[in-house]
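Examining the three-dimensional arrangement
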Amino acid sequence: MDERNGPAGMDPDGMAAALDVKDALEGFLGEVREFQGEVKALVKQQEERVVMLDRKMTGYGRPPLSQAAEVGVPHRRAFGAYLRTGDDDGLRGLVLEGKAMTSSVAADGGYLVDPQTAETVKSMLVSTASLRAIAQVVQVEAASFDVLVDRSEVGSGWATETGAQAETATPLLERVSIALHELSAMPKASQRLLDDSAFDVEGWLAGKIATRFLRAESAAFVSGDGVDKPRGFLTVPKVANATWAWGSLGYVPSGAASDFATTNPADCIINLVYALGAEYRANASFVMNSKTAGAVRKMKDADGRFLWSDGLAAGEPARLMGYPVLVCEDMPDIAANAHAIAFGDFRAGYTIAERPDLRILRDPFSAKPHVLFYASKRVGGDVTDYAAIKLLKFAVS
């Protein structure tokens, strides 16, 4: 047998082809081994880089890298130091815009909260069952807010080409002035808790302030007397809707002395809806507390269908006769002569005016070993369109 010619009897051309295939396979395997070595080298480099970064991230005193730029970091750190230790040097040294809820009030030692805490408080107030959720809310930079309401229609008439034009009626403008009152809360925390770096003092403070403000605001917007607090819509003079006049809210009776009528109890709900002007019904909402909602929820129409329907999507309010229902616990219970249900376009009928700043004053002396945080803001509210809200009075007439 010859090595080049192969075994005896083998075709020389076939032998040459086999050798060519062998050479090609050896070259391919060599390239694969070379590529494998390069991949292993790259993997090793990546592992070394990851180990290096991990050591830098977990090293003593090395802070983690921020994934995004923190907005207002200097003020946030200074405000955190003020809350924990009372050190206000950082806040006094900041040069900030006066209207951005991040400026200091150095005259009396009170400081405005950082934007993140202010937004947390604001979102908690808006998301809760308060009249704020459906009323008009405006921010002002003054001691009061004036609303001009056009409570009449401009006169009109048909004209001819040559006939004389008669003078039409002039619209009447009503001015409603909403004074801003100081709303305050004063939560307290122990100094030991504030010294704990793992304690989220900003989040805790925002939750406490929002809870206290919510309770005070919600009650005032419904039944406040207007003395050092907003005037609630239920403290406005109330008259039967048939004799309604500007400056009062009209009501319709339920048909029974202290409850819904025994026969056709839902009729008063229908009367309430259509007592409101058509121009307000498109954006109208019901307001009642949980006990009243429980009684209304059982009502059915003549065909046995419930008047109340739950929202089909998460976060959507329940509906009564197709209109949203705000369950506000500050509304009165069903009782004799109580106005337990309100219906109207509250965005047009009730205005809440507030200053955008929220101020914090730290007091470590009055309740030792606790630290008091006196939070204050200015807010007011009043009825601005008396035709936009109607009430249901539980009475025979």
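Note that the structure is predicted; figures quoted are calculated from it, not measured.

**Re the overall build of the protein chain**
- Looking only at helices and strands, one finds 10 helices and 18 strands in the protein chain.
- Taken across its 397 residues, the protein chain has 37% of its residues classed as buried.
- Taking the contacts inside the protein chain whose residues are at least 6 apart along the sequence as the reference set, 71% of them involve residues at least 24 apart.
- As displayed, the protein chain offers around 23,300 Å² of accessible surface, 54% of which is attributable to carbon and sulfur atoms.

**With respect to the sheet that holds strand β12 (residues 319-320)**
- One open sheet accounts for eight strands, arranged β8-β9-β18-β14-β10-β13-β12-β11; its pairing is mixed. Edge positions in the open sheet fall to β8 (238-240) and β11 (308-309), since each of these has one partner strand only.
- Alignment of strand β9 (residues 249-253) against strand β18 (residues 389-393), held across four bridges, turns out to be parallel. When the sheet's bridge partners are listed, Y251 is paired in β18 with L391.
- Across the face of the sheet, helix α7 (residues 267-275) comes into contact with β9, β10 (285-288), β12, β13 (323-327), β14 (339-344) and β18 while running at roughly 160° to β18.

**Comments concerning the side chain of S254**
- Tracing the sequence through the fold places S254 in the loop between β9 and α7.
- In this structure the side chain of S254 is engaged in a polar contact, spanning 3.2 Å, whose partner is the backbone oxygen of A256.
- From its side chain, S254 meets the backbone nitrogen of A395 in a polar contact 3.4 Å long.
- Those residues in contact with S254, other than ones at most four positions away along the chain, are D259, A261, C268, L392, K393, F394 and A395.

**Some details on the confidence of the model for the protein chain**
- When pLDDT is averaged across the protein chain, the result is 79; 73% of the residues are at 70 or more.
- Note that pLDDT drops below 50 for residues 60-71; the model gives that stretch five contacts with residues more than four away or on any other chain.
- Within the model, the stretch residues 96-109 combines pLDDT values under 50 with 31 contacts to residues more than four positions away or in other chains.

**Some words on the environment of M321**
- For M321, the position within the fold is in the loop between β12 and β13.
- Given the relative accessible area of 27%, M321 is considered partly exposed.
- Look past the residues within four positions of M321 in its chain and what remains in contact with it is I269, I270, V273 and L307.

**Quick word on unusual backbone geometry**
- Geometrically, the link from K368 to P369 is a cis peptide bond, its omega value of 10° lying close to zero.
- For P369, the position within the fold is in the loop between β16 (359-363) and β17 (370-383).
- Phi is positive for D228, which is not a glycine, with a value near 60°.
- Residue class for D228 comes out exposed when judged on its relative accessible area of 64%.
- Even without glycine at this site, N337 takes up a positive phi of about 65°.
- Turning to its location among the elements, N337 is positioned in the loop between β13 and β14.

**Re the packing of aromatic side chains**
- Taken as a whole and judged by the stated rule, the model has eight aromatic pairs.
- On the numbers, 5.0 Å between centres and 80° between planes, the contact of F260 with F394 is edge-to-face. Of this pair, F260 sits in the loop between β9 and α7 while F394 sits in the segment after β18, and the two are 134 residues apart along the sequence.
- Judged by relative accessible area, which is 10%, F260 ranks as buried.

**Structural notes on the pattern of salt bridges**
- According to the stated counting rule, one finds eight salt bridges in the structure shown.
- Across the pair D146 and R175 runs a salt bridge whose closest N-O atoms are separated by 2.6 Å. A residue pair is termed long-range when its members are at least 10 positions apart, and D146 in strand β4 (residues 144-150) and R175 in strand β5 (residues 173-179) qualify at 29 residues.
- Among the residues examined, D146 registers a relative accessible area of 33% and is labelled partly exposed.
- Given a relative accessible area of 60%, R175 falls into the exposed group.
- Each member of the salt-bridge network shares a partner with another, and the members are R132, E217, E354 and K377.

**Some remarks on a nonpolar patch on the surface**
- Taken together, the side chains of F28, L29 and V32 define a hydrophobic patch exposed on the protein surface, amounting to about 270 Å² of accessible area.
- With respect to the secondary-structure elements, V32 resides in helix α1 (residues 12-58).
- Classification of V32 by relative accessible area gives partly exposed; the value is 37%.

**Structural notes on the pairing of β18**
- Among the five residues in β18, five count as buried, and that is most of the element.
- Of the two faces of β18, the one lined by I389, L391 and K393 and the one lined by K390 and L392 are each fully buried.
- Examined bridge by bridge, β14 and β18 share five bridges and lie antiparallel to one another. Of the residues in β18, the one forming a bridge with H339 is K393.

About the cut-offs
- Residues numbered from 1 in each chain as written.
- Predicted model: local features only at pLDDT ≥ 70, side-chain atom pairs only at ≥ 80, totals over all residues.
- Heavy atoms only, no water.
- Helix = DSSP H or I, 4+ residues; strand = E, 2+ residues; numbered from the N terminus.
- Buried < 20%, exposed > 50% of the residue type's maximum accessible area, 1.4 Å probe, protein only.
- Contact = heavy atoms within 4.5 Å.
- Areas by Shrake-Rupley, 256 points an atom, 1.4 Å probe, with all protein chains shown as cover.
- Pairing = 2+ DSSP bridges.
- Axes fitted to C-alpha atoms, helices over the stretch in contact; angles between N-to-C directions.
- Polar contact = N/O pair within 3.5 Å; in protein donor to acceptor, adjacent residues only side chain to side chain.
- pLDDT = per-residue confidence, 0-100.
- Phe/Tyr/Trp six-rings, centres within 6.5 Å; stacked < 30°, edge-to-face > 60°.
- Salt bridge = Lys/Arg side-chain N within 4 Å of Asp/Glu carboxyl O.
- Patch = residues over 30% accessible without salt bridge, like charges linked within 9 Å, V, L, I, M, F, W, Y side chains within 5 Å.

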